[in-house]
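Spelled out, the chains give:
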Amino acid sequence: MLDASIIGRIFWRGALERIARDPDCLGEALAALERRDLVRRDPVSRIEGDEQWSFKHVLIRDVAYDLQPRARRREGHRHIAEFIEESTPEVGEAGAALARHWRGAGELDQAVQHFVAAAEEAERGWAKQYAVTLYREALDMTPADDLERVRFLRRRLAVAQQALWHVADARLLGLGSGDSD
């Protein structure tokens, strides 16, 4: 359970195999956690061909995550980021998850790049609020002395905020579904 917590509230067996302390016992361990009602196997997986599991409650995941040393979490995040890069196309939620794992691994430059890519993907749809959130995360991680990147992110954030502001107008005009903002 500790290892799975690094992956997130939702985790995959393939990712867990990369970071598990004892990969040979994964099947037994997952079954025991499921019997104890701590995790459940999801009927459908976001990663084709892999088992998807989820913690029954985010607090269970958070406590397990906090019990691990920072160095272990950092190493785990790196392996999970690599797993995501190999297993999924880098769009939408997968791009944001990838960014968060690179941030957890301490690779802030890669994390910022992935946050920006995920924000741009969100902007192309009606997820304007999500784009604003992702640009803010990227900006928060960017060193203040990286003036060129800070300016770029501030401009992108301003554009995303303006687009968010006008979503209500677009809805009134019947231009967008607004289902996913």
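Here, the structure is the one placed above.
**Student:** What's the story with the sheet that holds strand β2 (residues 39-41) in this structure? I'm lost.
**Tutor:** Working definition: the strands of a sheet are paired by backbone hydrogen bonds and lie parallel or antiparallel to each other. On the basis of which strands lie adjacent, the open sheet formed by 3 strands has the order β1-β3-β2 and antiparallel pairing. Because the sheet does not close on itself, it has two edges, and the strands there are β1 (10-12) and β2. When strand polarity is set aside, the average angle formed by the axes of neighbouring strands in this sheet is 30°. Pairing analysis gives 3 bridges linking β2 to strand β3 (residues 52-55), with the strands arranged antiparallel.

**Student:** Would you mind going over the nonpolar core with me for this structure?
**Tutor:** Within soluble globular proteins, side chains that are nonpolar generally end up buried alongside one another. Membership of the largest hydrophobic core comes to 46 residues, with the highest contact counts inside it found for I7, F11, L16, I80, Y135 and L153. Beyond its immediate chain neighbours, meaning those up to four positions away, F11 contacts A4, L16, L30, V39, E51, Q52, W53, S54 and F55.

**Student:** I would appreciate a short explanation of the side chain of R73 in the present structure.
**Tutor:** Along the chain, the position of R73 falls in helix α5 (residues 70-87). Here R73 occupies a buried position and makes no salt bridge, while the nearest side chain of opposite charge, D66, is found at 4.1 Å. Polar side-chain contacts of R73 include one of 3.3 Å to the backbone oxygen of Y65. In contact with R73, not counting residues within four places along its chain, are I6, Y65, D66 and Q68.

**Student:** Hey, could you run me through the pairing of β3 in this one?
**Tutor:** The side chains of a regular strand alternate, first on one face of the sheet and then on the other. Residues Q52 and S54 point to one face of β3 and W53 and F55 to the other, with burial holding for every one of them. As defined by bridge partners, β1 adjoins β3 across 3 bridges and the pair is classed as antiparallel. Within the sheet, the bridge partner assigned to I10 lies in β3 and is S54.

**Student:** What exactly am I supposed to notice about the pattern of salt bridges here?
**Tutor:** Oppositely charged side chains can pair when the atoms bearing their charge come close. Under the defined criterion, the tally for this structure stands at 15 salt bridges. Between D37 and K56 there is a salt bridge, and its shortest N-O distance comes to 2.7 Å. A residue pair is termed long-range when its members are at least 10 positions apart, and D37 in the loop between α3 (26-35) and β2 and K56 in the loop between β3 and α4 (58-66) qualify at 19 residues. The partly exposed category is assigned to D37, whose relative accessible area is 46%. On the basis of relative accessibility, which here comes to 33%, the residue K56 falls in the partly exposed class.

The rules behind these values
Each residue is numbered by its place in its chain's sequence as written, counting from 1. Only residues with pLDDT of at least 70 get local features here, since the model is predicted, and only at 80 or more are side-chain atom pairs given and counted; chain-wide, interface and lining totals rely on the full set of residues. Here the side-chain values reflect all heavy atoms present in the structure, with hydrogen atoms and water set aside. Following DSSP output, two strands are said to pair if at least two bridges run between them. Numbering goes from the N terminus for both helices and strands, where a helix is a DSSP run of H or I of at least four residues and a strand is a run of E of at least two. Axis geometry follows a simple rule: fit a line to the C-alpha atoms, using only the stretch in contact for helices, then measure angles between N-to-C directions, giving values from 0 to 180 degrees. Nine residue types can take part in a nonpolar core, namely buried Ala, Val, Leu, Ile, Met, Phe, Trp, Tyr and Cys, and a core is a set of them joined through side-chain atoms within 4.5 Å. Buried, partly exposed and exposed residues are distinguished by accessible area as a fraction of the type maximum, computed with a 1.4 Å probe on protein chains only: under 20%, between the cut-offs, and over 50%, respectively. A contact between two residues is defined here by any heavy atoms of the two lying within 4.5 Å. When charges are counted, Lys and Arg contribute as positive and Asp and Glu as negative, whereas His and the chain ends are disregarded. Salt-bridge detection follows one rule: a side-chain nitrogen of Lys or Arg within 4 Å of a carboxyl oxygen of Asp or Glu. Polar contacts, as counted here, are pairs of nitrogen or oxygen atoms within 3.5 Å of one another; within protein the pair requires one atom able to donate a hydrogen and one able to accept it, and residues that are adjacent in sequence qualify only if both atoms are side-chain atoms.

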